[in-house]
Amino acid sequence: RLFSSEKLTQRDHSLPNPSWSKDLRLLFDQFMKKCEDSSWKRLPSYKCESSQRVQDFKTHFLDPKFMNEQTVHGQLFTRSFEDGLGFEYAMFCNDAEKRIVCLFQGGPYLQGVPGFLHGGAIATIIDATTGMTALLAGGIVMTANLNINFKRPIPLCSTVVLNSQLDKVEGRKFFVSCNIHSVDGKTLYSETTGLFIKLDPDKRLK
Amino acid sequence: MIRRGFQVAARLGHHRAPPGAPGILPRLAPASAFGSSADSLVSRFCPEKTDLKDYALPNATWCPDMLSLYHEFLEKTKSGGWIKLPSFKSNRDHIQGLKLPSGLVATSDKTDWRIFTRCIQVEGQGYEYVIFFQPSKKKSICLFQPGPYLEGAPGFAHGGSLAAMMDETFSKTAYLAGEGLFTLSLNIRFKNLIPVGSLAVLNVEVEKIEDQKLYMSCITQSRDQQTVYAKSSGVFLQLQLEEESSQ
């Protein structure tokens, strides 16, 4: 529609690029196969979202005083890196089961303890994945709570799988949980519960 | 119920390798071996003479609020009590001469690794922050200005970017207050969105150190404290770094 021409010129980052590990490519292909019967869908991902949803957010919730020079040049945090250096990921959703799988490879610019992913980088991809799970169910939502338990450190540049699930909806509250596992499923890296709130259409953000 | 992974490793005098993780986490030395005083930790962490670039210094992109609060705390470092923490490109640069306990080294050393909170190099576009630490009170304050590349909702900082700033401030505080190394848990209650380009002030305190874990709390607010952006708590695992053997 109105914004589709913008999308054509923008790169979809949830597609393989040369920085993807073999593990990540294999998993991606496996999930693309699952998409063939439409039970699963690959979610495209752009640096600058121009979807209707974002336009709605700007129109209804954004106070004009926040729109300044800086916001014009904003871009999605998780896509603000050159290939392979930051977050390499692709999300697949299963509408019927209300869940998302995120295949994630954290690059060298996400370091914390030398050799391992920064806890904050892990929190970011968890927020992105659980946020998307809530968003698909509830529209424009905001993170209210994130409760993350880290079980084992994730080695830098490895590939992991995030499984996120919508657990419960209560009015405007969306309860989501998420686990991070190794590719072979044998190692559990972290467990998270999150709460997202659907923004009140009658209130503007401060 | 015994929790796996980190929690098992944290039990004092535990001699079995954690289930499902043979050799991944080392046996911990008893608590009395955590002898590094705060002074020695701080002096090692904040080298007086170094060629390394310190990213925690003002630049043209810092908003007026951030600059003035920075100078307020800089004054406090002169009268003692507070220390401005340097911020290098990699955590490796902060622990020169030290290494992770054997058994925990993941992959080979690569020079192009960067600490997450210094991932975006263009001034003002990513994380602009500086941390001041008060050793006597085991407290920290982080002045944080998120740039436009940290966006989540248009015009506001991504929830993950604030979570990362909290984790990073917890991490430096935990390390200097008691050799805390790995995040065990983060519990964040988000209240309000932080507009891109504005100042958020994170106040972190160590609540207690118990059972080889450091428990910390954080409140993130606007400078005038009229807006609370988020409240959080973090738990870190104490793990002593080893001296690198001279070869």
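The preceding data block contains the structure.
Here the structure is a predicted model, which is why all the values come from computation and not from measurement.

Draft legend 1. Structural context of the environment of Thr129 of chain A. Residue and element names in this part refer to chain A. In this fold, Thr129 is placed in helix α5 (residues 119-138). Thr129 gets classed as buried once you look at its relative accessible area, which sits at 0%. What Thr129 contacts, discounting residues up to four positions off in sequence, is Met91, Ile100, Cys102, Leu162 and Ser164. Side-chain polar atoms of Thr129 contact the backbone oxygen of Ile125, separated by 2.8 Å.

Draft legend 2. Quick look at the nonpolar core. Core analysis: the biggest nonpolar cluster contains 81 residues, and Phe87, Phe104 and Leu162 of chain A together with Phe116, Tyr127, Phe144 and Tyr175 of chain B have the highest contact counts within it. With 10 residues, helix α5 (residues 159-178) of chain B is the largest single contributor of residues to this core. Setting aside its immediate chain neighbours within four residues, Phe116 of chain B contacts Phe77, Phe81, Phe87, Tyr109, Leu110, Gln111, His118, Gly120, Ala121 and Thr124 of chain A together with Tyr127 and Ala164 of chain B. Ranked by size, the runner-up nonpolar core spans 14 residues in total, among them Ala56, Met66, Val130 and Leu143 of chain B.

Draft legend 3. Examining the packing of aromatic side chains more closely. All told, the structure shown has 19 aromatic pairs over all chains when counted by the stated rule. Aromatic pair Tyr70 of chain B and Phe132 of chain B: ring centres 5.9 Å apart, planes at 55°, arrangement tilted. Taken together, the residues Tyr70 of chain B in helix α3 (residues 64-78) and Phe132 of chain B in strand β3 (residues 127-134) connect sequence positions 62 residues apart. Accessibility classification places Tyr70 of chain B together with Phe132 of chain B in one group, the buried group. An aromatic cluster of three or more residues is present, and its members are Phe77, Phe81, Phe87 and Phe104 of chain A together with Phe116, Tyr127 and Phe144 of chain B. Above the ring of Tyr89 of chain A, the side-chain terminus of Arg79 of chain A is found at 3.6 Å from the ring centroid. Lying over the aromatic face of Phe175 of chain A, Lys168 of chain A brings its terminal NZ or CZ to 4.8 Å of the ring centre.

Analysis parameters
Residues numbered from 1 in each chain as written. Chains lettered and ligands numbered in written order. Predicted model: local features only at pLDDT ≥ 70, side-chain atom pairs only at ≥ 80, totals over all residues. Heavy atoms only, no water. Helix = DSSP H or I, 4+ residues; strand = E, 2+ residues; numbered from the N terminus. Buried < 20%, exposed > 50% of the residue type's maximum accessible area, 1.4 Å probe, protein only. Contact = heavy atoms within 4.5 Å. Polar contact = N/O pair within 3.5 Å; in protein donor to acceptor, adjacent residues only side chain to side chain. Core = buried A, V, L, I, M, F, W, Y, C linked by side-chain atoms within 4.5 Å. Phe/Tyr/Trp six-rings, centres within 6.5 Å; stacked < 30°, edge-to-face > 60°. Lys NZ or Arg CZ within 6 Å of the ring centre and 35° of its normal.

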